[in-house]
Amino acid sequence: MSKFPPSRYSSGSSQRSQCSGAAGSFCRTSSMLTGVYSAVVLLYVLVVFAIWCEWPQVLGIALMIIGMIVLAALTPVCGDAAYPDCFKDCPLPAPYFNHNALFHWLFAIGLLILGIALNTNPELASSAEVTTNGFEQIKSLVQVESKEERSGTRSILSCC
């Protein structure tokens, strides 16, 4: 007798039937592309916040990225492939708290930290000078940075 309820953990569960057959390949590919795209966007935002020295935002984004890495790393030992072995290789107390639950907890905590940090510092985006011609603004920033770099007074992370 299995220790798991058959309605939730049987091979006929609704989640598994949604991505089976010909649609299964598309489902897995679509999920993979979505995850990769999300990770790239989060990595970009992490770098931008790090350059601006907004460390609470960096922490929130980093937790979200760590959650995605945990999900990808533990899927082979805690995911669908672990059902026949009853999750014996999974370091988490699966199926009650598996890699997917850990991912969602890390992502939610990171999102909470990011939301609180952005709420406490809403002037972040509005403090930058907004012009109608973005190329002129970039050109002026590059000229200022190159003058400061020649004098040796400023590095890229001078706020740190």
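In short, a report on the structure.

Details of the environment of phenylalanine 107
Here is step 1 of the chain: Here phenylalanine 107 is to be found in helix 5 (residues 99-120).
Here is step 2 of the chain: Given the relative accessible area of 25%, phenylalanine 107 is considered partly exposed.
Here is step 3 of the chain: Each C-alpha atom, one on phenylalanine 107 and one on isoleucine 66, is 8.1 Å from the other, the two residues being 41 residues apart in sequence.
Here is step 4 of the chain: Those residues in contact with phenylalanine 107, other than ones at most four positions away along the chain, are Leu42 and Met64.

A few points about unusual backbone geometry
Excluding glycine, most residues fall at negative phi; most peptide bonds, likewise, are trans.
Here is step 1 of the chain: Positive phi values are uncommon outside glycine, yet cysteine 53 reaches one of about 60°.
Here is step 2 of the chain: On the secondary structure map, cysteine 53 appears in the loop between helix 3 (22-51) and helix 4 (55-78).

Considerations on helix 5
Here is step 1 of the chain: Across its 22 residues, helix 5 extends 32 Å between first and last C-alpha, which sits within 8% of the 32 Å expected from 1.5 Å per residue.
Here is step 2 of the chain: Listed as buried for helix 5 are His99, Phe103, Leu106, Gly110, Leu114 and Ala117. In an axial view of helix 5, the angular spread of the buried residues amounts to 75°, which keeps them on one side of the axis. Projecting away from the buried face of helix 5 at angles above 90 degrees are the exposed residues Trp105, Leu112, Asn119 and Thr120.
Here is step 3 of the chain: Its side-chain oxygen at 3.1 Å from the backbone nitrogen of asparagine 100, asparagine 98 defines the N-terminal cap of helix 5.

Describing helix 4
Here is step 1 of the chain: Helix length check: helix 4, at 24 residues, gives a terminal C-alpha distance of 32 Å against a target of 34 Å (1.5 Å per residue), a fit within 8%.
Here is step 2 of the chain: At alanine 72, helix 4 shows its largest bend, some 30°, and a proline, proline 76, comes one to four positions later.
Here is step 3 of the chain: If you check which residues of helix 4 are buried, you get Gln57, Val58, Gly60, Ile61, Leu63, Met64, Ile65, Gly67, Met68, Val70, Leu74 and Cys78.

Topic: the state of the cysteines
Here is step 1 of the chain: Across all of its chains, the model carries one disulfide by this definition.
Here is step 2 of the chain: The disulfide that involves cysteine 78 links it to cysteine 90, with 1.9 Å between the sulfurs. Where cysteine 78 bonds to cysteine 90 through sulfur, the torsion about that S-S bond is close to 95°, and the disulfide is right-handed. With a gap of twelve residues between them, cysteine 78 in helix 4 and cysteine 90 in the loop between helix 4 and helix 5 connect regions that are remote in the sequence. This pair shows no difference in class: cysteine 78 is buried, exactly as cysteine 90 is.

Some thoughts on the packing of aromatic side chains
What describes a pair of aromatic rings is the distance from one ring centre to the other and the angle between the planes of the rings.
Here is step 1 of the chain: Enumeration over the complete set of coordinates arrives at two aromatic pairs.
Here is step 2 of the chain: Seen from their ring centres, phenylalanine 49 and tryptophan 52 are 6.1 Å apart, and the 70° between their planes marks the pair as edge-to-face.
Here is step 3 of the chain: Under the relative-accessibility criterion, tryptophan 52 is labelled partly exposed at 47%.

Points about the side chain of glutamate 54
Here is step 1 of the chain: Within the secondary structure, glutamate 54 is located in the loop between helix 3 and helix 4.
Here is step 2 of the chain: Here the side chain of glutamate 54 touches asparagine 121 through a polar contact of 3.5 Å, side chain to side chain.

A closer look at the environment of alanine 62
Here is step 1 of the chain: With respect to the helices, strands and loops of the structure, alanine 62 is situated in helix 4.
Here is step 2 of the chain: Judged by its relative accessible area of 24%, alanine 62 is partly exposed.
Here is step 3 of the chain: Alanine 62 sits 17 residues away from valine 45 along the chain, and the two C-alpha atoms are 9.9 Å apart.

Overview of the nonpolar core
Here is step 1 of the chain: Core analysis: the largest hydrophobic core is formed by eleven residues, namely Leu42, Leu46, Phe49, Ala50, Val58, Ile61, Met64, Ile65, Met68, Phe103 and Leu114.
Here is step 2 of the chain: If one sorts the elements of this core by residue count, helix 4 sits on top with five residues.
Here is step 3 of the chain: Among residues more than four places away in sequence, those in contact with methionine 64 are Leu42, Leu106, Phe107, Gly110 and Leu111.
Here is step 4 of the chain: In terms of nonpolar packing, the next biggest core, distinct from the first, is built from ten residues, Leu74, Ala82, Phe87 and Ala94 among them.

Each value, and the rule that gives it
Residues numbered from 1 in each chain as written. Predicted model: local features only at pLDDT ≥ 70, side-chain atom pairs only at ≥ 80, totals over all residues. Heavy atoms only, no water. Helix = DSSP H or I, 4+ residues; strand = E, 2+ residues; numbered from the N terminus. Buried < 20%, exposed > 50% of the residue type's maximum accessible area, 1.4 Å probe, protein only. Contact = heavy atoms within 4.5 Å. Expected span 1.5 Å × (residues − 1). Arc of directions from axis to C-beta. Polar contact = N/O pair within 3.5 Å; in protein donor to acceptor, adjacent residues only side chain to side chain. Bend = angle between axes of the 7 residues up to and from the residue. Disulfide = S-S within 2.5 Å. Phe/Tyr/Trp six-rings, centres within 6.5 Å; stacked < 30°, edge-to-face > 60°. Core = buried A, V, L, I, M, F, W, Y, C linked by side-chain atoms within 4.5 Å.

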